[in-house]
Amino acid sequence: MKVKIKRWNAVATWRWDLPEDDLCGICQNPFDNTCPACKYPGDDCILLSGKCGHNFHMHCILEWMKQDSAKGQCPMCRQRFEWADQTNQTMRDAAQALASV
Amino acid sequence: MASTRERRISKELSDLQNDPNSGVSAHPVDNSLLHLKGIFPGPPDTPYAGGTFQVDILIPENYPFKSPVMKFDTKIWHPNVSSVTGAICLDTLGTGWSPVGTIKMALISLRMLLESPNPKDPQDAEVAKMMLEQPEAFAQKAHEWAVKYAGAPRRDTPVHNYQKVAPPPPRADDPARYQGYNKDLIDRFVHMGFDLDAVVEAFNYVGIDRNGGEDYVLEEAYMGDITARLLGEQ
(Lines give C-alpha, C1' and ligand atoms only; values in the text may rest on other atoms or scores of the structure.)
Protein backbone atom coordinates (compact mmCIF):
# COMPACT_ATOMS: atom_id res chain seq x y z
CA MET A 1 0.00 0.00 0.00
CA LYS A 2 1.22 3.46 -0.76
CA VAL A 3 0.21 6.47 1.32
CA LYS A 4 0.45 9.91 -0.08
CA ILE A 5 0.55 12.72 2.50
CA LYS A 6 -1.29 15.67 1.16
CA ARG A 7 -0.89 18.06 4.00
CA TRP A 8 0.03 18.19 7.71
CA ASN A 9 -0.20 20.61 10.60
CA ALA A 10 2.84 21.09 12.79
CA VAL A 11 2.25 21.91 16.44
CA ALA A 12 4.84 23.03 18.97
CA THR A 13 4.88 24.20 22.56
CA TRP A 14 7.38 26.51 24.11
CA ARG A 15 8.51 27.57 27.55
CA TRP A 16 11.01 29.98 28.95
CA ASP A 17 14.41 28.44 29.45
CA LEU A 18 14.51 28.68 33.24
CA PRO A 19 15.89 26.28 35.82
CA GLU A 20 12.80 25.72 37.94
CA ASP A 21 10.76 28.43 39.63
CA ASP A 22 7.56 28.52 37.72
CA LEU A 23 5.68 31.52 39.12
CA CYS A 24 6.48 35.18 38.94
CA GLY A 25 6.65 36.14 42.62
CA ILE A 26 5.10 39.52 41.98
CA CYS A 27 1.94 38.65 40.03
CA GLN A 28 1.89 34.95 41.01
CA ASN A 29 1.16 34.03 37.38
CA PRO A 30 3.27 31.31 35.75
CA PHE A 31 6.22 32.67 33.80
CA ASP A 32 4.86 31.00 30.68
CA ASN A 33 1.73 33.12 31.05
CA THR A 34 1.81 36.85 30.72
CA CYS A 35 1.97 39.46 33.42
CA PRO A 36 -1.53 40.71 34.34
CA ALA A 37 -1.30 43.65 31.95
CA CYS A 38 -0.50 41.65 28.81
CA LYS A 39 -2.47 39.42 26.49
CA TYR A 40 0.11 37.40 24.61
CA PRO A 41 2.96 35.53 26.27
CA GLY A 42 6.39 35.40 24.72
CA ASP A 43 8.26 38.29 23.18
CA ASP A 44 5.58 40.81 24.14
CA CYS A 45 5.87 40.00 27.81
CA ILE A 46 9.41 38.91 28.48
CA LEU A 47 11.17 37.93 31.68
CA LEU A 48 14.03 39.73 33.35
CA SER A 49 16.61 37.70 35.21
CA GLY A 50 18.45 39.41 38.03
CA LYS A 51 22.12 38.79 38.72
CA CYS A 52 20.89 37.50 42.08
CA GLY A 53 19.19 34.63 40.24
CA HIS A 54 15.60 35.78 40.66
CA ASN A 55 13.30 36.14 37.67
CA PHE A 56 10.21 38.24 37.12
CA HIS A 57 8.00 39.36 34.27
CA MET A 58 9.65 42.50 32.99
CA HIS A 59 6.46 44.52 33.40
CA CYS A 60 6.08 43.35 37.00
CA ILE A 61 9.60 44.18 38.11
CA LEU A 62 9.54 47.55 36.32
CA GLU A 63 6.30 48.44 38.11
CA TRP A 64 7.91 47.51 41.43
CA MET A 65 11.01 49.59 40.69
CA LYS A 66 8.79 52.64 40.20
CA GLN A 67 7.76 52.46 43.86
CA ASP A 68 9.76 54.50 46.36
CA SER A 69 9.70 51.61 48.77
CA ALA A 70 11.51 49.37 46.26
CA LYS A 71 14.86 51.13 46.80
CA GLY A 72 16.12 49.33 43.71
CA GLN A 73 16.06 46.01 45.51
CA CYS A 74 15.08 42.55 44.36
CA PRO A 75 11.72 41.69 46.00
CA MET A 76 13.03 38.23 46.85
CA CYS A 77 16.44 38.81 48.39
CA ARG A 78 16.73 42.58 48.75
CA GLN A 79 20.01 42.71 46.93
CA ARG A 80 20.33 45.46 44.37
CA PHE A 81 18.36 44.22 41.35
CA GLU A 82 20.59 44.13 38.31
CA TRP A 83 19.43 42.42 35.16
CA ALA A 84 21.75 39.67 34.06
CA ASP A 85 21.21 39.47 30.31
CA GLN A 86 21.21 42.38 27.90
CA THR A 87 21.78 40.46 24.70
CA ASN A 88 18.83 41.70 22.68
CA GLN A 89 17.14 45.00 22.02
CA THR A 90 14.13 44.37 24.29
CA MET A 91 16.44 43.55 27.18
CA ARG A 92 18.48 46.70 26.58
CA ASP A 93 15.30 48.78 26.54
CA ALA A 94 14.24 47.22 29.81
CA ALA A 95 17.62 47.88 31.34
CA GLN A 96 17.34 51.50 30.31
CA ALA A 97 13.86 51.76 31.79
CA LEU A 98 15.15 50.27 35.04
CA ALA A 99 18.06 52.66 35.16
CA SER A 100 15.82 55.67 34.69
CA VAL A 101 13.58 54.97 37.70
CA MET B 1 -5.28 47.08 37.40
CA ALA B 2 -8.37 46.35 39.53
CA SER B 3 -8.96 42.91 38.07
CA THR B 4 -5.24 42.16 38.42
CA ARG B 5 -5.27 42.65 42.11
CA GLU B 6 -8.56 40.82 42.58
CA ARG B 7 -7.27 37.88 40.60
CA ARG B 8 -4.23 37.73 42.76
CA ILE B 9 -6.25 37.95 45.98
CA SER B 10 -8.62 35.18 44.93
CA LYS B 11 -5.61 33.02 44.13
CA GLU B 12 -4.08 33.80 47.50
CA LEU B 13 -7.32 32.93 49.27
CA SER B 14 -7.60 29.58 47.55
CA ASP B 15 -3.94 28.85 48.36
CA LEU B 16 -4.73 29.63 51.99
CA GLN B 17 -7.72 27.30 51.96
CA ASN B 18 -5.63 24.51 50.50
CA ASP B 19 -3.07 24.91 53.26
CA PRO B 20 -4.89 24.34 56.56
CA ASN B 21 -1.53 23.67 58.24
CA SER B 22 -0.47 27.29 57.92
CA GLY B 23 -2.54 28.04 61.03
CA VAL B 24 -3.90 31.27 59.60
CA SER B 25 -7.00 31.89 57.52
CA ALA B 26 -8.67 34.73 55.68
CA HIS B 27 -12.06 35.32 54.08
CA PRO B 28 -13.65 38.18 52.17
CA VAL B 29 -16.34 40.38 53.70
CA ASP B 30 -19.21 42.02 51.80
CA ASN B 31 -18.44 39.93 48.70
CA SER B 32 -15.48 42.17 48.05
CA LEU B 33 -12.02 40.79 47.52
CA LEU B 34 -10.62 44.13 48.63
CA HIS B 35 -11.81 43.83 52.20
CA LEU B 36 -10.88 40.69 54.12
CA LYS B 37 -10.79 39.39 57.62
CA GLY B 38 -7.82 37.32 58.75
CA ILE B 39 -7.99 34.94 61.69
CA PHE B 40 -5.28 33.13 63.63
CA PRO B 41 -4.89 31.54 67.05
CA GLY B 42 -2.72 33.06 69.78
CA PRO B 43 0.62 31.20 69.80
CA PRO B 44 1.17 28.62 72.56
CA ASP B 45 3.37 29.54 75.55
CA THR B 46 2.35 33.18 75.36
CA PRO B 47 -0.23 35.17 77.32
CA TYR B 48 -2.33 35.06 74.12
CA ALA B 49 -2.48 31.24 73.95
CA GLY B 50 -5.92 29.79 73.30
CA GLY B 51 -7.34 33.08 72.05
CA THR B 52 -8.53 33.74 68.52
CA PHE B 53 -7.48 37.00 66.93
CA GLN B 54 -9.21 38.70 64.03
CA VAL B 55 -7.46 41.18 61.78
CA ASP B 56 -9.08 43.62 59.36
CA ILE B 57 -7.37 43.62 55.96
CA LEU B 58 -7.81 46.29 53.28
CA ILE B 59 -6.21 45.74 49.88
CA PRO B 60 -4.87 49.02 48.47
CA GLU B 61 -5.26 50.18 44.88
CA ASN B 62 -1.84 49.09 43.69
CA TYR B 63 -1.45 45.87 45.63
CA PRO B 64 0.92 43.98 45.59
CA PHE B 65 3.18 46.96 45.09
CA LYS B 66 1.80 48.50 48.28
CA SER B 67 1.27 46.47 51.43
CA PRO B 68 -2.17 45.36 52.62
CA VAL B 69 -3.47 47.63 55.39
CA MET B 70 -3.99 45.56 58.52
CA LYS B 71 -5.28 46.28 61.99
CA PHE B 72 -6.50 44.14 64.85
CA ASP B 73 -10.28 43.87 65.28
CA THR B 74 -9.75 41.89 68.46
CA LYS B 75 -8.53 44.10 71.26
CA ILE B 76 -5.08 43.04 72.36
CA TRP B 77 -2.53 44.16 74.97
CA HIS B 78 0.71 44.12 73.02
CA PRO B 79 3.46 46.77 72.68
CA ASN B 80 3.36 46.77 68.87
CA VAL B 81 -0.42 47.05 68.59
CA SER B 82 -2.43 50.06 69.66
CA SER B 83 -4.63 49.06 72.59
CA VAL B 84 -7.14 51.66 71.38
CA THR B 85 -7.29 51.40 67.58
CA GLY B 86 -5.68 48.03 66.83
CA ALA B 87 -3.11 49.72 64.54
CA ILE B 88 -0.03 47.58 64.01
CA CYS B 89 3.64 48.52 63.96
CA LEU B 90 5.41 45.86 61.91
CA ASP B 91 8.21 46.38 59.41
CA THR B 92 6.90 43.89 56.85
CA LEU B 93 3.58 45.74 56.70
CA GLY B 94 5.28 49.09 56.18
CA THR B 95 8.59 50.08 54.66
CA GLY B 96 9.76 46.47 54.56
CA TRP B 97 6.91 45.25 52.34
CA SER B 98 7.89 43.32 49.24
CA PRO B 99 5.54 42.55 46.31
CA VAL B 100 6.35 38.85 46.64
CA GLY B 101 4.70 39.02 50.07
CA THR B 102 1.22 37.59 50.55
CA ILE B 103 -1.72 37.88 52.92
CA LYS B 104 -0.72 34.52 54.37
CA MET B 105 2.82 35.66 54.99
CA ALA B 106 1.58 38.87 56.62
CA LEU B 107 -0.75 36.96 58.95
CA ILE B 108 2.03 34.56 59.88
CA SER B 109 4.29 37.51 60.72
CA LEU B 110 1.54 38.89 62.93
CA ARG B 111 1.33 35.59 64.77
CA MET B 112 5.09 35.71 65.20
CA LEU B 113 4.76 39.25 66.51
CA LEU B 114 2.57 37.88 69.31
CA GLU B 115 5.35 35.41 70.12
CA SER B 116 8.04 38.06 70.20
CA PRO B 117 6.71 41.46 71.23
CA ASN B 118 9.21 44.24 70.63
CA PRO B 119 8.80 47.04 73.21
CA LYS B 120 11.80 48.91 71.73
CA ASP B 121 9.76 49.86 68.67
CA PRO B 122 6.33 50.43 70.18
CA GLN B 123 2.99 51.25 68.64
CA ASP B 124 1.48 51.66 72.10
CA ALA B 125 3.93 53.43 74.40
CA GLU B 126 1.92 52.67 77.53
CA VAL B 127 1.99 48.91 76.90
CA ALA B 128 5.66 49.01 75.96
CA LYS B 129 6.55 50.87 79.15
CA MET B 130 4.68 48.31 81.20
CA MET B 131 6.38 45.43 79.42
CA LEU B 132 9.82 46.92 80.08
CA GLU B 133 9.22 47.99 83.66
CA GLN B 134 6.81 45.38 85.01
CA PRO B 135 7.03 42.41 82.65
CA GLU B 136 5.03 40.10 84.90
CA ALA B 137 2.19 42.58 85.22
CA PHE B 138 2.32 43.01 81.46
CA ALA B 139 1.95 39.26 80.86
CA GLN B 140 -0.91 39.14 83.34
CA LYS B 141 -2.78 41.97 81.67
CA ALA B 142 -2.12 40.62 78.17
CA HIS B 143 -3.62 37.33 79.30
CA GLU B 144 -6.63 38.99 80.91
CA TRP B 145 -7.35 40.84 77.66
CA ALA B 146 -6.97 37.59 75.71
CA VAL B 147 -9.54 35.98 78.02
CA LYS B 148 -11.88 38.94 77.82
CA TYR B 149 -11.67 39.76 74.10
CA ALA B 150 -10.13 36.77 72.31
CA GLY B 151 -11.92 33.95 74.09
CA ALA B 152 -8.79 32.43 75.62
CA PRO B 153 -9.37 30.01 78.53
CA ARG B 154 -8.31 31.49 81.86
CA ARG B 155 -5.24 29.86 83.35
CA ASP B 156 -2.04 30.64 85.14
CA THR B 157 -0.21 33.07 82.94
CA PRO B 158 3.14 31.71 81.81
CA VAL B 159 5.05 34.62 83.29
CA HIS B 160 8.35 32.74 83.28
CA ASN B 161 9.10 34.19 79.85
CA TYR B 162 8.44 37.67 81.12
CA GLN B 163 10.55 37.96 84.22
CA LYS B 164 12.56 41.06 84.46
CA VAL B 165 16.08 40.73 83.14
CA ALA B 166 18.38 42.73 85.36
CA PRO B 167 20.55 45.06 83.32
CA PRO B 168 24.24 44.18 83.58
CA PRO B 169 26.02 46.32 86.18
CA PRO B 170 27.50 49.37 84.50
CA ARG B 171 31.22 49.10 84.23
CA ALA B 172 33.53 52.02 84.80
CA ASP B 173 34.82 53.75 81.71
CA ASP B 174 38.29 52.51 82.53
CA PRO B 175 40.76 54.28 80.20
CA ALA B 176 42.99 51.18 80.35
CA ARG B 177 40.37 49.29 78.35
CA TYR B 178 41.04 51.53 75.35
CA GLN B 179 44.70 50.43 75.32
CA GLY B 180 45.99 53.74 74.03
CA TYR B 181 43.42 54.16 71.23
CA ASN B 182 41.42 57.36 71.05
CA LYS B 183 38.15 57.00 72.96
CA ASP B 184 35.94 58.60 70.27
CA LEU B 185 37.51 56.40 67.60
CA ILE B 186 36.70 53.23 69.55
CA ASP B 187 33.31 54.46 70.74
CA ARG B 188 32.09 54.87 67.16
CA PHE B 189 32.17 51.07 66.96
CA VAL B 190 30.84 50.59 70.48
CA HIS B 191 27.84 52.75 69.51
CA MET B 192 27.11 50.33 66.65
CA GLY B 193 26.39 47.81 69.38
CA PHE B 194 29.74 46.03 69.76
CA ASP B 195 31.40 45.30 73.06
CA LEU B 196 34.18 47.72 74.01
CA ASP B 197 36.78 45.02 74.71
CA ALA B 198 35.89 43.22 71.47
CA VAL B 199 36.39 46.44 69.51
CA VAL B 200 39.82 47.06 71.05
CA GLU B 201 40.77 43.44 70.37
CA ALA B 202 39.65 43.83 66.72
CA PHE B 203 41.71 47.06 66.38
CA ASN B 204 44.76 45.19 67.68
CA TYR B 205 44.07 42.22 65.43
CA VAL B 206 43.80 44.36 62.30
CA GLY B 207 46.81 46.40 63.45
CA ILE B 208 45.20 49.84 63.49
CA ASP B 209 47.56 52.76 64.14
CA ARG B 210 47.06 54.35 67.57
CA ASN B 211 47.91 57.79 66.16
CA GLY B 212 49.22 58.85 69.56
CA GLY B 213 45.75 58.58 71.07
CA GLU B 214 44.33 61.19 68.69
CA ASP B 215 41.03 60.75 66.83
CA TYR B 216 41.20 60.30 63.04
CA VAL B 217 39.18 58.93 60.15
CA LEU B 218 39.82 55.29 59.35
CA GLU B 219 40.14 54.14 55.76
CA GLU B 220 37.15 52.17 54.54
CA ALA B 221 39.18 48.99 54.03
CA TYR B 222 40.24 49.07 57.69
CA MET B 223 36.64 49.72 58.77
CA GLY B 224 35.63 46.64 56.78
CA ASP B 225 38.37 44.48 58.34
CA ILE B 226 37.41 45.58 61.86
CA THR B 227 33.72 44.96 61.28
CA ALA B 228 34.47 41.56 59.76
CA ARG B 229 36.55 40.64 62.79
CA LEU B 230 33.79 41.82 65.13
CA LEU B 231 31.23 39.79 63.25
CA GLY B 232 33.45 36.75 63.53
CA GLU B 233 34.11 36.49 59.81
CA GLN B 234 37.89 36.22 60.16
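Up top you'll find the structure we're talking about.
The present account deals with the structure reproduced in this document. (Residues numbered from 1 in each chain as written. Chains lettered and ligands numbered in written order. Predicted model: local features only at pLDDT ≥ 70, side-chain atom pairs only at ≥ 80, totals over all residues. Heavy atoms only, no water.)

**So, the side chain of R177(B)**
Residue and element names in this part refer to chain B. Along the chain, the position of R177 falls in the loop between helix 4 (135-150) and helix 5 (183-190). Judged by relative accessible area, R177 falls into the buried class, the value being 16%. Of note is the side chain of R177, whose polar atom sits 3.2 Å from the side chain of D197. (Helix = DSSP H or I, 4+ residues; strand = E, 2+ residues; numbered from the N terminus. Buried < 20%, exposed > 50% of the residue type's maximum accessible area, 1.4 Å probe, protein only. Polar contact = N/O pair within 3.5 Å; in protein donor to acceptor, adjacent residues only side chain to side chain.)

**Remarks on the environment of N62(B)**
Positionally, N62(B) belongs in the loop between strand 3 (52-58) and strand 4 (69-72). Looking at N62(B), the relative accessible area reads 27%, which means it is partly exposed.

**What about the interface of chain B and chain A?**
Listed by partner, the interface residues are 15 residues for chain B and 16 residues for chain A. Taking both partners together, chain B and chain A bury about 1300 Å²; carbon and sulfur atoms supply 55% of that area. For the pair chain B and chain A, the number of links is 0 salt bridges. For the pair chain B and chain A, the number of links is 5 residue pairs in polar contact (both at pLDDT 80 or more). A per-class count over the side of chain B that touches chain A returns 5 nonpolar, 6 polar and 4 charged. (Contact = heavy atoms within 4.5 Å. Buried area = accessible area lost by both parts, 1.4 Å probe. Salt bridge = Lys/Arg side-chain N within 4 Å of Asp/Glu carboxyl O. Nonpolar A, V, L, I, M, F, W, Y, C, P; charged D, E, K, R; others polar.)

**Regarding the packing of aromatic side chains**
Working definition: an aromatic ring pair is given by the centre-to-centre distance plus the angle between the planes. All names here are of chain B. Here the structure, examined in full by the defined rule, presents 11 aromatic pairs over all chains. Seen from their ring centres, Y63 and W97 are 6.1 Å apart, and the 35 degrees between their planes marks the pair as tilted. Linking Y63 in the loop between strand 3 and strand 4 with W97 in the loop between strand 4 and helix 2 (103-115), this pair joins segments that are 34 residues apart in sequence. Note on Y63: relative accessible area 1%, which makes it buried. What links up through ring pairs into an aromatic cluster is the set F40, Y48, F53 and F72. In this structure, K75 packs its charged tip against the face of Y149, placed 5.7 Å from the ring centre. The cationic tip of R210 hangs over the ring face of Y181; the distance from NZ or CZ to the ring centre is 4.3 Å. (Phe/Tyr/Trp six-rings, centres within 6.5 Å; stacked < 30°, edge-to-face > 60°. Lys NZ or Arg CZ within 6 Å of the ring centre and 35° of its normal.)

**With respect to the pattern of salt bridges**
Side chains that carry opposite charge are capable of pairing whenever their charged atoms lie near each other. Counted under the stated rule, the structure contains 13 salt bridges over all chains. Between K51(A) and E82(A) there is a salt bridge, with its nearest N and O atoms 3.9 Å apart. Note that K51(A) is positioned in the loop between strand 1 (47-49) and strand 2 (55-57) and E82(A) in the loop between helix 1 (58-65) and helix 2 (89-100), a separation of 31 residues in sequence. Among the residues examined, K51(A) registers a relative accessible area of 60% and is labelled exposed. Judged by relative accessible area, E82(A) falls into the partly exposed class, the value being 35%. The network of salt bridges with common partners includes K37(B), D56(B), K71(B) and D73(B).

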